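Examining the three-dimensional arrangement
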Amino acid sequence: MLNRYRTLRRPDSKEIVIKKSRFIGHGRPVASEEEAIAFIEEIKKLHWNATHNCSAYVVGERDECQKQSDDGEPSGTAGKPILEVIKHQGLKNVAVVVTRYFGGIMLGAGGLIRAYTDGAVAAIEAAEAITQVLHREVVVDVDYTWYGKLENEFRARGVRVGGTDFTDRVVIACLPEAPEADKFAAWITDLTQGQAVIAIGEDRYFIDGE
């Protein structure tokens, strides 16, 4: 799993008008190629009467799955510009569709490339680019006498806490960034003089800064 990567926050869309043609950029985060294809088909059904529904997507930790479609526009004027926007912004696991309703004015190859580029940028602006950061759960089990000290240290250091259970002992689910998990566990051991029981849990992503 990647320690961090840029993707989109949510499915969303934005419309722009270029020489009377309507271009609607749709962006969505996707977990697989199947999900990307399903999203593209969903937009095509929604805008079945559009002149074109051009698309591109990038999926995989190493961007191993990249596809594009001009959907009837001249070759290289639609799908490729959309794909280039995704790649230029460093996005992964993302699908973008730019829907065009022809307004009666021909744009030419250069105009189409600019229009589909702008449509893809609009889609990404609407869906909002974010950075997902991998965190690893470190479960800290301590006696109540350590809780106040740990709480103060966590607050001072900005440690992400997933939850705290209070039973006969205190169990705190901490969420340091994955590469720092072992170092974090060692710090807890030192801080509690070896009295904390520590267990390493699952990895999960959180949005950077949230």
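Preceding block: the structure.
Described below are features of the structure shown in this document. Please read all numbers here as calculations on a predicted model, not as lab measurements. (Residues numbered from 1 in each chain as written. Predicted model: local features only at pLDDT ≥ 70, side-chain atom pairs only at ≥ 80, totals over all residues. Heavy atoms only, no water.)

**Observations regarding the pattern of salt bridges**
How we decide: Any Lys or Arg side-chain nitrogen located within 4 Å of an Asp or Glu carboxyl oxygen qualifies as a salt bridge. Only DSSP runs of H or I covering at least 4 residues are called helices, and only runs of E covering at least 2 are called strands; the numbering of each starts at the N terminus.
Counted according to the given criterion, the structure contains 18 salt bridges. Between Lys14 and Glu125 there is a salt bridge, with its nearest N and O atoms 3.2 Å apart. Here Lys14 is found in strand 2 (residues 12-18), whereas its partner Glu125 is found in helix 3 (residues 108-127), with 111 residues between them in sequence. Among the charged side chains, a network of salt bridges with common partners joins Arg9, Arg10, Asp12, Glu128 and Glu210.

**Quick look at the packing of helix 2 (residues 79-88) against helix 3**
Put simply, the rule is: Angles here are taken between N-to-C directions and fall from 0 to 180 degrees, while the axes themselves are lines fitted to C-alpha atoms, restricted in helices to the stretch in contact. Relative orientations are named as follows: roughly parallel for angles under 35 degrees, roughly antiparallel for angles over 145 degrees, roughly perpendicular for angles from 65 to 115 degrees, and oblique for any other angle. The handedness criterion is simple: a crossing whose near helix is rotated anticlockwise from the far helix by less than a right angle is left-handed, and one whose near helix is rotated clockwise is right-handed. Contacts between residues were defined by any pair of non-hydrogen atoms, one from each residue, lying within 4.5 Å. Amino acid classes used here: Ala, Val, Leu, Ile, Met, Phe, Trp, Tyr, Cys and Pro are nonpolar; Asp, Glu, Lys and Arg are charged; the rest, including Gly, are polar.
One can describe the packing of helix 2 onto helix 3 by two numbers: an axis separation of 8 Å at closest approach and a directional angle of 40 degrees. Comparing their axes, helix 3 and helix 2 come out oblique. Where helix 2 crosses over helix 3, the two elements pack in a sense that is right-handed. For the pair formed by helix 2 and helix 3, the contact residues are Pro81, Ile82 and Val85 on the first element and Ile113, Tyr116, Thr117, Ala120, Val121 and Ile124 on the second. When its residues are assigned to classes, the contact of helix 2 with helix 3 shows 8 nonpolar, 1 polar and no charged.

**Notes on the nonpolar core**
Worth spelling out the cut-off: By nonpolar core we mean a set of buried residues, namely Ala, Val, Leu, Ile, Met, Phe, Trp, Tyr and Cys, connected to one another through side-chain atoms within 4.5 Å. Think of it in three bands: residues with accessible area under 20% of the maximum for their type are buried, residues over 50% are exposed, and the middle band is partly exposed, with areas taken using a 1.4 Å probe on protein chains only.
Among the nonpolar cores identified, the biggest contains 22 residues, and Ile82, Ile86, Val96 and Tyr116 are the most heavily contacted of them. Those elements giving two or more residues to this core turn out to be strand 4 (52-59), helix 2, strand 6 (94-101) and helix 3. Residue contributions to this core peak at 7 residues, all from helix 3. Sequence-distant contacts of Val96, that is, excluding residues within four places in its chain, are made with His26, Gly27, Cys54, Ser55, Ala56, Ile82, Ile86, Ala120, Ala123 and Ile124.

**Here we look at the sheet that holds strand 6**
This is how it is decided: At least two bridges found by DSSP between two strands is the condition for calling them paired.
Within the open sheet, the 5 strands sit side by side as 2-3-6-4-5. Their pairing is antiparallel. In this open sheet, the two edge strands, each paired with only one partner strand, are strand 2 and strand 5 (65-69). On average, adjacent strands in this sheet sit at an angle of 15 degrees to one another, irrespective of strand direction. Sheet topology places strand 4 next to strand 5; 5 bridges connect them, and they run antiparallel.

**Quick look at helix 5 (residues 181-191)**
The condition that has to hold: The directions from the helix axis to the C-beta atoms are what the arc is built from.
Listed in full, the buried residues belonging to helix 5 are Ala181, Phe184, Ala185, Trp187, Ile188 and Leu191. In an axial view of helix 5, the angular spread of the buried residues amounts to 160 degrees, which keeps them on one side of the axis. Of the residues in helix 5, the exposed ones pointing more than 90 degrees away from the buried face are Asp182, Lys183 and Asp190. Buried positions along helix 5 lie against strand 7 (129-142), helix 4 (147-157), strand 9 (170-174) and strand 10 (197-207). Two residues or fewer past helix 5, Gln193 is found with a positive phi of approximately 55 degrees.

**So, the side chain of His135**
As a reminder, the rule being used: By the criterion applied in these results, polar contacts are pairs of N or O atoms within 3.5 Å in which, for protein atoms, one can donate a hydrogen and the other can accept it, and in which residues neighboring in sequence qualify only through two side-chain atoms.
Following the sequence through the fold, His135 ends up in strand 7. Here His135 falls in the buried class, since its relative accessible area comes to 7%. One polar contact links the side chain of His135 to the main-chain carbonyl oxygen of Val133, over a distance of 3.0 Å.

**Regarding the pairing of strand 8 (residues 161-166)**
As judged from the 5 bridges shared by strand 8 and strand 9, these two strands associate in the antiparallel manner. Bridging from a neighbouring strand, Val161 pairs with Cys174 of strand 9.

Nothing here speaks to function; it is all geometry.
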